Amino acid sequence: MTNRIHAAEYSAVVCAGIVSVCIGVAFIFPLAASFQPLFNGKNGIAFNYSNLFRITAYTFKIALGSTLTAAAAGIPAAFFTANRSFPGRRFLLSLSAVPLCIPPLIIALGFVGTFGMNGALNTILMRILHLKNPPFTFLYSSAGVIIAQGFYNFPLVMAVVSTSWENLPVDERDAARMLGADERHIFFTVTIHQLSPAVAAACIPVFLYCFFSFMIVLLFGTIGGTTLEVEIYQAARTTLDFKTASVYALIETSFALAVISAYSKIKPAYAAESPASAHRYNRTKIGDALYESRSMKTAEYVSGILLGTVIVLFFLSPLAGILAGSITGKEGAYVFIKIIHSAGFRNALLGTLETAPFSALLCIITAFVYAWILRVRDPLGQNTLLQTLPMLPMAVSSVVMGYGMTLLVHHGTVPALIAAQAALAWPLAFRQIYASMCAIPQDTLDTAELLSDTPPDTLFRIVLPSCRESIISSFSFCFAVSMGDTTLPLVLSVPRFDTLALYTYRLASSYKFAASCACGTLLCILCILLFSLGKKHD
Amino acid sequence: MKKINYIFLTLLSIYSSAAYISCSGKKSVSAEREKEVVIYTYDSFMGEWGPGMQIAKDFEAATRFKVTYVNCGDGAQILSKALLEKTSPQSDILLGLDNNLIDKARSEKILTEYKPENADSVIPEGLHEALGKDWLLTPYDYSQFALIYDTQSDVPAPEKLEDLTKSVYAKKIILMDPRTSTPGLGFLAWTVAVFGDGYADYWKALKPSILTMSPGWSAGYGLFTAGEAPLVISYMTSPAYHVYADKTTRYKALVFAEGHVQQVEGAGITKGALNGKGARAFIDYLISDAAQNVIPLTQWMVPADKNITLPDCYKEVVPGDAKTLSYNTEKVSAAVNTVMNILGN
């Protein structure tokens, strides 16, 4: 019996290893293929370098502004979700994957419904103040792009920082309190340093998502404005100049890699200070925390209310705008019933369920394998290259990956789609699983290894159960990413296959905007439900 | 030293993979393909509200072929995919290429000429001409581009393109990006056709009137129906949808005396198609009465067959007397960057 268990454990380890290698190949080959046209043809490329600099600078400016906005909302929100109990806390945390699963077109329509020229805010103000023109026109400017992208992505920052904040070691803060430091002093001298790696880890993906953004930048940004992603799109899809597309893809990927490298250079300085010791303390109500002075309690109340208002205004209202967009059509709320009963929706739902769970499963297997390798090979987290490698897929946009896939795969299949999605999304799972793996004390691992019959025993009896929560959570994240992906299913063009995200776009391209918003709302609800299940053990 | 080795190995694997892919060319032929017609098309054609499903069902019933649609996104992506598969074509038909893409398709030699038997009696000369007269593509539908006007707005309806530069239209027009959208490119072609070499000056004057240039038709038209601006570039046939589905004549297509440019969509047989017989049968069927009658209420375009009677919703709001302008596609392609530079500065 014991031998059988050991054999099963070894088989599982081998299978997981093979899966990880396959996912690595599924990433490297399309990436290499996207640079392949650089090796073909004799024609050179006439580049306007000042133009290139202008495009890169604009892309960078928008991405940086959006990331700072997401951090400005996400970090204070993380303080409350990690340290305080309040009504709606779970709901707020369950929104963290929403940015990953709702197509940007639907998000854009949600923002238009709230802040647009004819949006709810302008309509109300014009009626109350008897104005002829809408008072708020900021949506159609760089500020509009930054606000839309910043708030759209703030839950990602909130989720990562909140988890880290919950697990911060309390010893240093307690020591500081005993020595008489007040909460403000403790925050700026202890907490902020402990949180820095988590803040950076949360902001880097947000920066990259915004860096690769396309829809919102073109829709709300400067007229005629362009980004590197648009240039790749134009060259690969419109002018069919694959060589130029490859050059832009190389520039974009190199720039994203440079940002990641800069992050990995900064990271080790703080990482050693945060060996996530899994100490948890009870959450108090807002303003009821121990050690706080009366003025601090008031400040906490005020900032809580202010932050809540900002989140309601800039995040929840646009989400509500999507719902409003779906029920203000001719069919009203009946549109939901009509959509759910349509054959197209059922096919799209089946297609989503055919890919998203498997893609998420491959993601967590690959992430777990790499996290374990890293934990064993680099227990002190000092090998920059090994630490940076899992972030490599984040430096590749889905347009570049899709472009590589188009060059490489001529016959799209569901397994190819699953592999391609997993190859891009596994770093999201890696970050969470690795963090919880780091929280296992080295002594525990050493003891387990000494007392185990075989090496995989430690993995199955100690490591896997310790990472259970992060595995469930990262499964939900990767599920949401796969569910919201529209680029790869289109690029791979799998015959007789559909997904909910594609279906949402198709509705919009057939004049059915209310139905499209309804489908977007259903995607959002599915995602929130999934996350609530994932956080059940929280 | 270890780090250098890792970097070297990673770069080497990426480089060698790229070199391997660039050198290898796969060829795969399936014997079962003889009964299957593989059609590369775009999203809205094959969706459940598009004409694709009905046409495929009727075609399969009328012949022994089985239709497999492959969703490539849009016309440009169909061409892009076909181009990348040029040495080993997987499709039999490319459906959804238009008069802006035909020159590229012709120069890349990815299509085979085929003239359907009844073509002369159903296809008007103008459509045939718009697609190059060589039957690489058979037209199946068309529509002129037009500005769609919201009659409930408080701005007057413009009467010509020049009017759009007036201050009354400041931030009142939604356009689409010509780099990423067909109607966006259509509007640019329209300005080139009307103003000739003076199009650049026109765009300079037009800039203050543009609220946004959306990346695609869906986003732009979505903003328009949300009431963000009273004017949007779309198809002359768009208001017919609102009459039919929303029972409203609120949205009107504006006819300008100077004329309009049009989009003509066609389907062509892929060069080296694995099922040429099936492909020819499908093209024949596509311009038959049965298929052409499906188009008006599903595709919201005018069917290519001149003998088809349009539904009532078209008669109410789609003007049939607008002049059609022709243009040079190469000149329009060159104008894209000029216009984007004007707008970006």
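Residues numbered from 1 in each chain as written. Chains lettered and ligands numbered in written order. Predicted model: local features only at pLDDT ≥ 70, side-chain atom pairs only at ≥ 80, totals over all residues.

**Re the overall build of chain A**
Broken down by element type, chain A carries 24 helices and two strands. A compact globule built from 538 residues should have a C-alpha radius of gyration of about 24 Å, and chain A, at 24 Å, falls within 12% of that. When the backbone C-alpha atoms are referred to their principal axes, chain A occupies close to 70 × 65 × 55 Å. With 538 residues in all, chain A has 50% of them scored as buried. Across chain A, contacts joining residues at least 24 apart in sequence account for 83% of those joining residues at least 6 apart. (Helix = DSSP H or I, 4+ residues; strand = E, 2+ residues; numbered from the N terminus. Rg over C-alpha atoms; globule rule 2.2 N^0.38 Å. Buried ≥ 20, exposed ≤ 12 C-beta atoms within 10 Å, placed from the backbone. Contact = placed C-beta atoms within 7 Å.)

**Things to note about the pairing of strand β5 (residues 138–150) of chain B**
Residues and elements named next belong to chain B. For β5, the tally of buried residues reaches 13 of 13 residues, placing the bulk of the element in the interior. Of the pairings in the sheet, the one linking β5 to strand β10 (residues 262–270) comprises six bridges and is antiparallel in character. Of the residues in β10, the one forming a bridge with T138 is A267. Note: β5 against strand β11 (residues 302–303), two bridges, orientation antiparallel. Bridge pairing in β11 places Y142 opposite V302. Where β5 meets strand β8 (residues 231–235), five bridges bridge the pair, whose relative direction is antiparallel. Considered in β8, the bridge of A146 is made with S234. Relative to strand β9 (residues 251–254), β5 runs antiparallel, the two sharing four bridges. Bridged to Y149 within β9 is K252. (Pairing = 2+ DSSP bridges.)

**A word on the domain arrangement of chain B**
Residue and element names in this part refer to chain B. For chain B, the assigned domains are domain 1 (32–142 + 263–309) and domain 2 (143–261 + 319–344). For domain 1 and domain 2, the distance between their C-alpha centres works out to 27 Å. Each side of the interface is counted separately: domain 1 has eleven residues, and domain 2 has 13 residues. Of the residues in the side of domain 1 that touches domain 2, the class split is five nonpolar, four polar and two charged. (Domains from an automatic or database assignment. Nonpolar A, V, L, I, M, F, W, Y, C, P; charged D, E, K, R; others polar.)

**Focus on helix α10 (residues 217–225) of chain B**
Residues and elements named next belong to chain B. Counting buried residues along α10, nine of its nine residues qualify, which places the element largely inside the surrounding structure. For α10, every residue scored as buried is listed here: W217, S218, A219, G220, Y221, G222, L223, F224 and T225. In the segment just after α10, G227 is the residue with positive phi, at about 85°.

**Digging into the interface of chain A and chain B**
Taken together, the contacts link 54 residues of chain A with 56 residues of chain B. Its residues assigned to classes, the side of chain A that touches chain B comprises 33 nonpolar, 18 polar and three charged.

**Quick notes on the environment of M391 of chain A**
Residues and elements named next belong to chain A. Summarising the element assignment, M391 is placed in the loop between α16 (384–388) and α17 (398–408). In the structure, M391 is positioned 36 residues away from P427 in sequence and 6.0 Å away in space, judged by C-alpha atoms. Setting aside anything within four residues of it in sequence, one finds M391 in contact with I260 and P427.

**Re the domain arrangement of chain A**
Residue and element names in this part refer to chain A. Parsing chain A into structural domains produces domain 1 (1–36 + 329–538) and domain 2 (57–311). Once you take the C-alpha centre of each, domain 1 and domain 2 turn out to be 22 Å apart. Contact residues are listed per partner, giving 40 residues for domain 1 and 40 residues for domain 2. Secondary structure elements with two or more residues in the side of domain 1 that touches domain 2: α1 (2–35), α16, α17, α18 (414–438), α21 (468–484), α23 (500–508) and α24 (513–534). With nine residues, α24 is the largest single contributor of residues to the side of domain 1 that touches domain 2. Across the side of domain 1 that touches domain 2, the residue classes tally to 24 nonpolar, 14 polar and two charged.

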